[in-house]
Amino acid sequence: MDTYINKLAPWERKNSYYKNIQLGKDVESKKKVLRDQTLEMIISQIASTGGVIATKKIPEGSIFDIAYDMKSVEGGMYGLKAAFEWGISDVVWQIELNKKHLREYTEALYKPFNRQVKEIWNEAKTAYGDGRLDEALEKFLELEKEIVFDYSAHITIGLVYLFHKINKEKALGYFDKALNHARSNSHYYTSYALLYKALIKRDYGLIGEAESCSKKAMEACSNLTEAIYQNAQYNALLNKPDIAIPLLKKVIKSDIIYCLKIKREKDFEGIRTHVNRLFDEIREEQNKQARDVFKELQDQELLLNNTAKKIRELGFDLSKTFLVETLQSDKSEVAEIIGSNTIVNSYIANRILLQIGKRLQQKKFALKETCKEVKNELENKIDQLGSQLVKEKNGSLSRFFLYLFFGQLVAVPAGVSFGIPIGICVAEAVLFALCLYLNLVSFRTTWKEVIGIEDKKEKLDWIMRGIKT
């Protein structure tokens with residue numbers, strides 16, 4: 001195995017996508033450049049990968065969705081995940097130095113010291129950020145004479161010695177110093193220093209020691225995916241696929257872009273058969289999940305549309321927003337992506353389906369809330385009609401005699417014209433029946449309306465039970 005004691009190893013040099021990533025004063029602009037370059041790298045690698053990993057048919061907009069955003073870049077090594085490369089270590093560390101946790105740590109650390117020490121720290125940090133690395137190294141070494149327990153200073157010195165002075169022995173010594181003081185303060189930066197120590201051990205050809213350091217890095221910070229990935233690399237070099245493969249599966253689940261990285265990583269050539277088997281397994285898992293979710297959403301779409309239709313058939317006017325056209329418009333695109341049957345394509349399909357599912361849930365919730373409002377309106381109407389029925393019942397007798405009294409104005413003359421006494425008797429009988437009918441018809445109409453509304457309410461309740469949110 002080749003060793004790289006007095007020169008940078010191939011994996012420590014910047015790849016072609018990161019050539020423009022350099023130290024500079026404006027940290028924010030560096031973050032934006034790094035974000036843009038990672039996107040360009042992902043697009044290019046997807047276009048050229050093929051096989052079980054990805055196809056060229058992925059919509060570029062969907063690639064944007066799985067690329068790294070500013071929040072990821074601001075997370076440093078932790079946020080970049082598969083996009084992290086050793087060759088951009090200096091810029092990534094500049095981002096780390098500006099993270100809230102490390103700023104608060106150094107501010108608290110230097111607060112008790114005199115003004116001169118604080119000025120040296122500020123000058124050292126500024127020189128590093130500007131890319132004046134000789135001056136930065138001089139200032140940090142001067143600072144070390146005053147304060148020996150600043151692990152951020154030790155990591156900075158280690159990086160300068162490793163990547164710019166190519167003095168790996170001194171770099172290793174400073175990463176060891178960083179470890180001594182980071183362990184009691186930060187699990188993340190303990191893991192950070194251990195990964196660089198592992199890198200140097202690998203450069204020396206000490207793969208077993210490199211694996212041990214990376215394993216400690218995993219133990220120190222269990223959710224740092226790059227630590228898991230590095231440990232998988234060293235186990236692959238040690239020809240231990242039984243350890244490497246589960247680790248690779250774990251990082252791929254954390255960041256699908258690791259598939260592209262693993263595909264091109266020469267360190268996995270010795271266990272490539274196992275890696276390919278892993279790719280097939282992940283592809284099947286992702287594709288099955290996409291197909292199952294796609295069918296489930298189709299069923300949900302049909303159910304929701306049928307529910308809205310039934311509510312309209314009851315005579316209720318619903319907004320057009322409840323017409324579920326979201327999945328219909330995306331269906332052909334999603335079906336094509338799923339049909340490609342690759343890891344990245346299926347992963348993207350699952351992300352699209354997740355968003356569609358959320359929109360369907362929002363529509364279902366809105367429909368359910370609308371149904372509740374309609375039901376409340378129906379109940380209020382029933383209450384009003386109920387009160388009306390009570391009034392009608394209480395006033396029915398007086399209303400009957402009122403009708404009968406005024407009816408005499410017509411009944412008596414009509415009866416007389418037909419003859420007394422038979423004409424009068426017939427006219428009074430007809431008047432009595434008519435008054436009784438008029439008194440009851442109003443009551444029956446209101447009662448019929450109440451029954452109709454109750455029927456609608458029961459049907460609406462039954463329909464609502466089918467809306468599951």
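Presented here is an overview of the structure given in this document. (Residues numbered from 1 in each chain as written. Predicted model: local features only at pLDDT ≥ 70, side-chain atom pairs only at ≥ 80, totals over all residues. Heavy atoms only, no water.)

Quick word on the overall build of the chain
Secondary structure assignment for the chain yields 20 helices and zero strands. Within the chain, buried positions represent 48% of all 469 residues. Put simply, of all contacts in the chain between residues at least 6 apart along the chain, 70% involve residues at least 24 apart. When the accessible surface of the chain is split by element, carbon and sulfur atoms take 54% of a total near 24000 Å². (Helix = DSSP H or I, 4+ residues; strand = E, 2+ residues; numbered from the N terminus. Buried < 20%, exposed > 50% of the residue type's maximum accessible area, 1.4 Å probe, protein only. Contact = heavy atoms within 4.5 Å. Areas by Shrake-Rupley, 256 points an atom, 1.4 Å probe, with all protein chains shown as cover.)

A look at unusual backbone geometry
Even without being a glycine, Lys81 presents a positive backbone phi close to 50 degrees. Along the chain, the position of Lys81 falls in the loop between helix 4 (76-80) and helix 5 (89-97).

Quick look at the packing of helix 13 (residues 225-237) against helix 14 (residues 241-254)
Viewed as axis vectors pointing N to C, helix 13 and helix 14 meet at an angle of 150 degrees, and their least axial separation amounts to 8 Å. Here helix 14 runs roughly antiparallel to helix 13, going by the angle between their axes. Between helix 13 and helix 14 the crossing geometry is left-handed. Within the contact between the two elements, helix 13 uses Thr225, Ile228, Tyr229, Asn231, Ala232, Asn235 and Ala236 and helix 14 uses Ile243, Ala244, Leu247, Leu248, Lys250, Val251 and Ser254. Partitioned by chemical class, the residues of the contact of helix 13 with helix 14 number nine nonpolar, four polar and one charged. (Axes fitted to C-alpha atoms, helices over the stretch in contact; angles between N-to-C directions. Parallel < 35°, antiparallel > 145°, perpendicular 65-115°, else oblique. Left-handed = near helix turned anticlockwise from the far one by under 90°. Nonpolar A, V, L, I, M, F, W, Y, C, P; charged D, E, K, R; others polar.)

Looking at the environment of Glu74
For Glu74, the position within the fold is in helix 3 (residues 70-74). What makes Glu74 partly exposed here is its relative accessible area of 33%.

Observations concerning the nonpolar core
Counting 124 residues, the largest nonpolar core has Tyr128, Tyr196 and Ile252 as the members making the most contacts within it. When residues of this core are assigned to their parent elements, the largest contribution, 12 residues, is made by helix 18 (residues 343-394). Core analysis: the next-biggest nonpolar cluster, separate from the first, contains five residues, Ala198, Ile207, Cys213 and Tyr234 among them. (Core = buried A, V, L, I, M, F, W, Y, C linked by side-chain atoms within 4.5 Å.)

Regarding the layout of surface pockets
The space that makes up the largest pocket amounts to roughly 650 Å³. As for the largest pocket, its lining consists of 26 residues, of which Pro10, Trp11, Glu85, Arg264 and Glu265 are closest to the centre. Elements with a contribution of two residues or more to the lining of the largest pocket: helix 1 (27-49), helix 11 (187-203), helix 13 and helix 15 (258-264). For the lining of the largest pocket, the element with the most residues is helix 13, which contributes five residues. Residue classes in the lining of the largest pocket are distributed as 12 nonpolar, five polar and nine charged. By volume, the second largest pocket amounts to about 350 Å³. Lining the second largest pocket are 18 residues, with Tyr68, Ser72, Gly79, Lys81 and Ser254 sitting closest to its centre. Secondary structure elements with two or more residues in the lining of the second largest pocket: helix 2 (60-66), helix 3, helix 4, helix 14 and helix 18. When its residues are assigned to classes, the lining of the second largest pocket shows seven nonpolar, four polar and seven charged. (1 Å grid on protein atoms, 1.4 Å probe; cavity = no way out; pocket = protein on both sides within 12 Å on 5 of 7 lines; lining within 4 Å. Points joined across faces, edges and corners; volume = space filled by probe spheres on them.)

A few points about the pattern of salt bridges
Inspection of every chain in the model, using the stated rule, returns 22 salt bridges. A salt bridge links Lys177 to Glu144, with the nearest nitrogen and oxygen atoms 2.7 Å apart. With Lys177 in helix 10 (residues 168-182) and Glu144 in helix 8 (residues 133-146), this pair connects stretches of sequence that are 33 residues apart. Overall, Lys177 belongs to the partly exposed group, its relative accessible area being 32%. A relative accessible area of 15% places Glu144 in the buried class. A single network of salt bridges, built from pairs that share partners, joins Glu12, Lys168 and Asp203. (Salt bridge = Lys/Arg side-chain N within 4 Å of Asp/Glu carboxyl O.)

Structural notes on helix 1
In this model, helix 1 (23 residues) spans 32 Å end to end at C-alpha, consistent with the 33 Å of a helix rising 1.5 Å per residue. Within the span of helix 1, buried status applies to Val27, Lys30, Lys31, Leu34, Gln37, Thr38, Leu39, Met41, Ile42, Gln45, Ile46 and Thr49. Taking the backbone nitrogen of Glu28 as reference, a side-chain oxygen 3.2 Å away marks Asp26 as the first, capping residue of helix 1. Where helix 1 terminates, the next one or two residues include Gly50, which has phi positive at roughly 70 degrees. (Expected span 1.5 Å × (residues − 1). Polar contact = N/O pair within 3.5 Å; in protein donor to acceptor, adjacent residues only side chain to side chain.)

By themselves, these figures tell us nothing about what the structure is for.
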